[in-house]
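Close look at the chain arrangement
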Amino acid sequence: MELKLPVILASRQDLAHVHRELRVFLDMVMQSVMRHDNPIQYPGISTTLRALATENQVDLRDETACNELLVKLEKLKDDAPTLHISFPIDPSAEVIQKLIVWLRKEIDPRIIIQVGLQPTIAAGIVLRTPNHQFDFSLRQHLYKNRAKLREALEVKA
Amino acid sequence: MTGGQIAIVAGLLAVATAVFLIALFRLRKPVENTGNNMEKTLTDAAEKDAERIFNDEFREELRNRGRLHFEKIIGENAMFLQQDLRLTTSQLNDYMKEEIKRVLQEEFSKYEESISNAKDLALDSIQKTQEVIEQQRLVLEKQLNDQAATEKARLIDHFEKNMADIVNHYILAAIGNEIDLSVQLDYIFQYLEENKQAIIEDIRSGT
């Protein structure tokens, strides 16, 4: 079964973070078992890990399921399709989530993004795939429509 | 007494001596035939007479007469010479005036002619220069207009090429930190939708 990524897990850093957290979680559970804690002491988990577990219906108390999740996360770290998106300003979580929802629905459910900052684009985004760059910025929009700009200027003149 | 007067007096004395000797020679001729004694007698008498006639007083008188005569001649000649000199000077002045006038008139006429020629040449030269300048002006004007048109076209072309950047720059300066990405999402999703297939293909080929 393929791993389902929650909306909150958007970037490669989030993926690495949740992978590391899950591994630490398993180590701490293992240590508690070895200490014969009763009941077993489960460490606190982040919202991202909780969302990932919920999305994939994984019981974090199940060691086998956790290990499977860890393997899937490692595999995803290696081959998850990545998009680099440059924004004119630092994007809010809401914007990122909306974009992630659309991208995972329309492009690839495993997709993750890297966020960049490029103030000169003013508005819109610049999307970079492994082999191509899609400029959806206002600058590009203006460049494509420069004939209309010229007509507007000529009318003004 | 001047040296010239002395020379004149000496010359007169020499003339008188010669006249005397000639007279003596003529007187002696008839007695040649009478013999040497007769001749000697006459010669002695003549010498004595000459000595008696041309004594110091007579010589002084002759000398004075010669001096006066010489002074008279010198005065007359000086007067004539002065008259001649005045006349010559007057004529020379007239001649010089005429010559100078003639030469000056010739020179002035030549000068006027030269001036006239130079003026004509200068006018021709100025006219040609003006024509050349006018031609150059027209050529330069044309070049300037062409360059201005080219520069204008280049600026317009440059402006049009960079118009998007310029407008973008002003929009960026105008909106500054007021950029709200959430209101741009529709616009972004529209572009994403338009390029969805290309993105999918690129991701598949890249992974």
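Please read all numbers here as calculations on a predicted model, not as lab measurements.

Definitions and limits used
Note on numbering: residues in each chain are counted from 1, in written sequence order. By the order in which they are written, chains take letters starting at A while ligands take numbers starting at 1. Local features in this predicted model are restricted to residues of pLDDT 70 or higher, and side-chain atom pairs are both shown and tallied only at a pLDDT of 80 or more, whereas totals for entire chains, interfaces and linings draw on every residue. Hydrogens and waters are ignored; side-chain quantities use all the structure's heavy atoms. By the criteria applied, helices consist of DSSP H or I runs no shorter than four residues and strands consist of E runs no shorter than two, each listed in order from the N terminus. Residue burial is assigned from relative accessible area. The probe radius is 1.4 Å, only protein chains are included, and a residue is buried under 20% of its type maximum, exposed over 50%, and partly exposed in between. Each accessible area is a Shrake-Rupley estimate made with a 1.4 Å probe; only the visible protein chains count as cover when residues are assessed. Every case where a carboxyl oxygen of Asp or Glu lies within 4 Å of a side-chain nitrogen of Lys or Arg is listed as a salt bridge. Every residue pair with non-hydrogen atoms within 4.5 Å of one another is taken to be in contact. Two parts placed together each lose some accessible area; with a 1.4 Å probe, that loss summed over both constitutes the buried area. N or O atoms within 3.5 Å of each other form a polar contact, as long as, within protein, one can give a hydrogen and the other can take it, and as long as residues adjacent in sequence are counted only when both atoms are side-chain atoms. Under the scheme applied here, ten amino acids are nonpolar (Ala, Val, Leu, Ile, Met, Phe, Trp, Tyr, Cys and Pro), four are charged (Asp, Glu, Lys and Arg), and all others, including Gly, are polar. Here a Phe, Tyr or Trp ring, Trp counted by its six-membered ring, pairs with any other such ring whose centre lies within 6.5 Å, and the pair is stacked when the planes are under 30 degrees apart, edge-to-face when over 60, and tilted otherwise. Given a helix with a known number of residues, its expected span is that number minus one, times 1.5 Å. Two strands pair if DSSP finds at least two bridges between them. Assignment of crossover handedness uses the view with strands pointing away from the viewer, where a clockwise path from the first strand over the helix to the second indicates a right-handed crossover. Along the arc lie the directions from the helix axis toward the C-beta atoms. Geometry is summarised by axes, namely lines fitted to C-alpha atoms with helices restricted to the contacting stretch, and by angles between N-to-C directions that run from 0 to 180 degrees.

Another point: the overall build of chain B. Each helix and strand in chain B was counted, giving five helices and zero strands. Counted from the first residue to the last, chain B has its helices and strands arranged as α-α-α-α-α. Burial statistics for chain B: of 207 residues in total, 13% are counted as buried.

This part takes up the overall build of chain A. A tally of regular secondary structure across chain A gives six helices and four strands. When the helices and strands of chain A are placed in sequence order, the string is α-α-α-β-α-β-β-β-α-α. About 8,900 Å² of surface is accessible on chain A, with carbon and sulfur atoms providing 52% of the total.

Two side chains that carry opposite charge are able to pair once their charged atoms sit near each other. Taken as a whole and assessed by the stated rule, the structure comprises 17 salt bridges over all chains. A:Asp108 is paired through a salt bridge with A:Arg110; the nearest N and O atoms lie 3.6 Å apart. Residue A:Asp108 is classed as buried on the basis of its relative accessible area, which comes to 14%. Among the salt bridges present, the one from B:Arg102 reaches B:Glu106, with a minimum N-O distance of 2.7 Å. One end of the pair, B:Arg102, and the other, B:Glu106, are both in helix H3 (residues 56–175), four residues apart, so they sit about a helical turn from each other. Judged by its relative accessible area of 38%, B:Arg102 is partly exposed. Through salt bridges with shared partners, one network takes in A:Glu2, A:Lys75, A:Asp79, A:Asp108 and A:Arg110.

Here we come to the interface of chain B and chain A. Many authors give the size of an interface as the accessible area that is lost as the parts come together. Counting from both sides, the interface comprises 32 residues of chain B and, opposite them, 38 residues of chain A. Buried surface at the junction of chain B and chain A, both sides included, amounts to about 3,200 Å², of which 75% is carbon and sulfur. The tally of links between chain B and chain A comes to one salt bridge. Our count for the contact surface shared by chain B and chain A stands at eight residue pairs in polar contact (both at pLDDT 80 or more). Of all the secondary structure elements, the ones that give two or more residues to the side of chain B that touches chain A are H3, helix H4 (185–194) and helix H5 (196–206) of chain B. Examining the composition of the side of chain B that touches chain A, we find that 11 residues originate from one element, H3(B), more than from any other. Considered class by class, the residues forming the side of chain B that touches chain A number 19 nonpolar, seven polar and six charged.

What follows deals with the packing of aromatic side chains. Residues and elements named next belong to chain A. On inspection of all chains with the given rule, the structure shows five aromatic pairs over all chains. Judged by centre distance (6.2 Å) and plane angle (20°), the ring pair of Phe 25 and Tyr 42 falls under stacked. Of the two residues, Phe 25 is situated in helix H1 (residues 12–34) and Tyr 42 in the loop between H1 and helix H2 (47–55); the sequence distance between them amounts to 17 residues. Classification of Phe 25 as buried rests on a relative accessible area of 5%. Residue Tyr 42 is classed as partly exposed on the basis of its relative accessible area of 35%.

Time to look at helix H4 (residues 93–106) of chain A. Residues spaced three or four apart along an α-helix face the same direction, because each turn holds 3.6 residues. Here H4(A) spans 20 Å end to end across 14 residues, near enough to the 20 Å set by a 1.5 Å rise per residue. Taken residue by residue, H4(A) has A:Val95, A:Ile96, A:Leu99, A:Ile100, A:Trp102, A:Leu103 and A:Arg104 as its buried positions.

Residues and elements named next belong to chain A. Inspection of the sheet shows strand E1 (residues 82–87) paired to strand E2 (residues 112–117) by six bridges, in the parallel sense. Residue pairing for E2: Thr 82 is matched across the bridge by Ile 112. Crossover connection from E1 via H4 to parallel E2: handedness right-handed.

This part takes up the environment of B:Leu42. Residue and element names in this part refer to chain B. The residue Leu 42 is located in helix H2 (residues 36–53) in this model. On the basis of relative accessibility, which here comes to 32%, the residue Leu 42 falls in the partly exposed class. When the C-alpha atoms of Leu 42 and Leu 24 are compared, they prove to be 8.8 Å apart, with 18 residues separating the residues in sequence.

Residue and element names in this part refer to chain B. Every buried residue belonging to H4 is among Leu 185, Ile 188, Phe 189, Tyr 191 and Leu 192, and all of these are buried. The buried residues of H4 occupy one face: seen down the axis, they fall within an arc of 160°. More than 90 degrees from the buried face of H4, the exposed residues found are Asp 186 and Glu 194.

Attention now goes to the sheet that holds E1(A). All names here are of chain A. The strand order across the open sheet built from four strands is E2-E1-E3-E4, with neighbouring strands paired in mixed fashion. In the strand order of this sheet, the two ends are held by E2 and strand E4 (133–137), each with one partner. When the angles between neighbouring strand axes are averaged without regard to direction, this sheet yields 20°. Here three bridges tie E1 to strand E3 (residues 124–128), and the two strands are oriented antiparallel to one another. Bridging across to E3, Ser 86 finds its partner in Val 126. Across the face of the sheet, H4 comes into contact with E1 and E2 while running at roughly 145° to E1.

What follows is about the environment of A:Gln118. Checked against the element boundaries, A:Gln118 lands in the loop between E2 and E3. Between the C-alpha atoms of A:Gln118 and A:Ile85, which are 33 residues apart in sequence, the distance is 9.6 Å.

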